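Structural overview
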Amino acid sequence: GVRATADATVELATDFTKFIEEAQDSIVASMESLELSGKKFGDLPWTRDSGDGESKGYGRTRVLEDGSVFEKAAVSITVIEGTLSPERAKAMSARGRPAGPGEGYSAAALSLVFHTTSPHVPTFRADVRMFQLKNQGTAWFGGGADLTPNYLDEQDATQFHQFWKGVCDDHDKEFYPDFKKQCDDYFYLPARGERRGIGGIFFDDLEGSPEVLRFVKDVANKWMPSYSPIVLRHRDKEYTNEQKEWQMIRRGRYAEFNMLWDRGVRFGLLSGGDIERIMVSAPPMVKWVFNYTPKEGSEEAKIMEVLKNPREWA
């Protein structure tokens with residue numbers, strides 16, 4: 001029984017890895033068609049081997065910078081295998097996944113972050129990921145998609161959430177309410193009492209099975225259809241210097257979350273990942289203004305209200 005499970009898990013992992021390699025290419029193509037400047041994504045394939053059996057892997061980091069629509073957009077894949085360090089094993093066990101130091105694992109992920117040039121076009125972040133414990137023959141999937149606007153557009157928020165509810169409902173009616181709440185809870189800045197954006201879906205620890213893999217692939221295939229219409233609706237709008245400044249202040253929150261709270265960033269740094277590849281999600285230009293408070297009743301104040309008190313959009 002255990003052997004059969006392990007084989008089936010390896011098959012899921014192989015299938016997922018092939019899928020994310022293809023998905024990266026199609027996302028890059030969609031993004032280049034939305035970018036009006038003719039700028040293209042760079043391509044940096046990489047391999048790494050710690051040499052001591054601790055970890056080895058490969059990946060491909062694709063980044064577009066200084067576009068007219070996208071100030072910085074990154075689409076990355078990472079595929080690694082290794083043995084769990086005592087710290088990692090302890091952290092996993094604490095989260096209810098019993099694991100011992102020295103146990104063999106493999107992990108694969110496709111992630112993207114799109115920082116836009118215009119303050120009217122929201123930032124988009126999404127990923128799908130898999131983690132496999134080899135001896136146990138178990139695998140888990142995680143992923144999601146979320147929107148971080150600088151200004152609240154109710155049509156965008158409603159459309160985005162209804163879209164993701166539809167994707168979830170096709171697989172399981174209980175997914176959306178659960179994953180929407182997980183998203184609001186995860187992208188939270190405790191010291192600020194704010195969510196990072198208006199959310200979307202976020203899931204972790206879905207036990208690997210062919211049904212779960214189908215769902216995870218569907219999520220990745222639906223990222224661009226959920227986001228492109230929002231980009232098209234706003235990319236040509238005029239904006240002021242004050243609006244651009246507000247975007248930079250909001251990006252400060254994005255950077256705070258990444259550095260202080262993001263589990264993926266912490267895992268990457270602890271497992272000896274390359275700092276440039278880990279920081280690829282960071283916004284290109286950021287501003288921290290001391291004690292900045294938006295004027296009451298302003299458009300800036302409107303978005304803050306939703307970040308402090310998340311709403312049901314779908």
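Presented here is an overview of the structure given in this document. (Residues numbered from 1 in each chain as written. Predicted model: local features only at pLDDT ≥ 70, side-chain atom pairs only at ≥ 80, totals over all residues. Heavy atoms only, no water.)

A few words now on the overall build of the protein chain. Along the backbone of the protein chain there are 9 helices and 9 strands. Its C-alpha atoms give the protein chain principal-axis dimensions of about 60 × 40 × 35 Å. When the 314 residues of the protein chain are sorted by exposure, 53% land in the buried category. Summarising the internal contacts of the protein chain: among those between residues at least 6 apart in sequence, 71% fall at separations of at least 24. Working note: accessible area of the protein chain is about 14600 Å², and carbon and sulfur atoms make up 53% of it. (Helix = DSSP H or I, 4+ residues; strand = E, 2+ residues; numbered from the N terminus. Buried < 20%, exposed > 50% of the residue type's maximum accessible area, 1.4 Å probe, protein only. Contact = heavy atoms within 4.5 Å. Areas by Shrake-Rupley, 256 points an atom, 1.4 Å probe, with all protein chains shown as cover.)

Now for helix α4 (residues 175–186). An ideal rise of 1.5 Å per residue puts 16 Å on 12 residues; α4 measures up with 16 Å between its terminal C-alpha atoms. If you check which residues of α4 are buried, you get F175, Y176, F179, K180, C183, D184 and Y186. (Expected span 1.5 Å × (residues − 1).)

For the rest of this paragraph, the subject is a nonpolar patch on the surface. Taken together, M259, L260 and W261 make up a surface patch of nonpolar side chains, about 310 Å² in accessible area. Position of L260 among the secondary structure elements: in helix α6 (residues 241–260). Under the relative-accessibility criterion, L260 is labelled partly exposed at 47%. (Patch = residues over 30% accessible without salt bridge, like charges linked within 9 Å, V, L, I, M, F, W, Y side chains within 5 Å. Salt bridge = Lys/Arg side-chain N within 4 Å of Asp/Glu carboxyl O.)

Attention now goes to the pairing of strand β9 (residues 199–207). β9 sits mainly inside the fold: 7 of its 9 residues count as buried. Pairing between strand β6 (residues 138–148) and β9: 7 bridges, direction antiparallel. The residue bridging A145 from the neighbouring strand is I201, located in β9. (Pairing = 2+ DSSP bridges.)

Our focus in this paragraph is the pairing of strand β5 (residues 123–133). Counting buried positions along β5 yields 10 of 11 residues, so the element is predominantly enclosed. Pairing analysis gives 10 bridges linking strand β4 (residues 104–116) to β5, with the strands arranged antiparallel. Directly across from V113, in β5, lies its bridge partner R125. Linking β4 back to β5 in an antiparallel pair, the connection comprises 6 residues. Sheet topology places β5 next to β6; 11 bridges connect them, and they run antiparallel.

Moving on: the layout of surface pockets. Its boundaries defined by the atoms lining it, the largest pocket holds a volume of some 1300 Å³. Around the largest pocket, the lining is made up of 50 residues, and of these R263, G264, V265, F267 and G268 lie nearest the centre. In terms of residue count, the dominant contributor to the lining of the largest pocket is helix α7 (residues 263–270) (7 residues). Split by residue class, the lining of the largest pocket holds 24 nonpolar, 11 polar and 15 charged. Considering only enclosed or pocket space, the second largest pocket measures out at about 280 Å³ in volume. For the second largest pocket, the lining is made up of 16 residues, of which R192, E194, R253, N291 and Y292 are closest to its centre. A per-element tally of the lining of the second largest pocket places α6 first, with 4 residues. (1 Å grid on protein atoms, 1.4 Å probe; cavity = no way out; pocket = protein on both sides within 12 Å on 5 of 7 lines; lining within 4 Å. Points joined across faces, edges and corners; volume = space filled by probe spheres on them. Nonpolar A, V, L, I, M, F, W, Y, C, P; charged D, E, K, R; others polar.)

Another aspect to go through is the sheet that holds β9. Here we have 7 strands laid out as an open sheet, ordered β1-β2-β3-β4-β5-β6-β9, and antiparallel in their pairing. Of all strands in the sheet, those bounded by a partner on one side alone are β1 (44–49) and β9. With direction set aside, neighbouring strand axes in the sheet form an average angle of 5°. In this structure, β1 lies alongside strand β2 (residues 55–65), joined through 6 bridges in antiparallel fashion. By the bridge assignment for β2, T47 is matched with Y58. This element, helix α3 (residues 154–169), spans β5, β6 and β9 of the sheet and lies at about 25° to β9. (Axes fitted to C-alpha atoms, helices over the stretch in contact; angles between N-to-C directions.)

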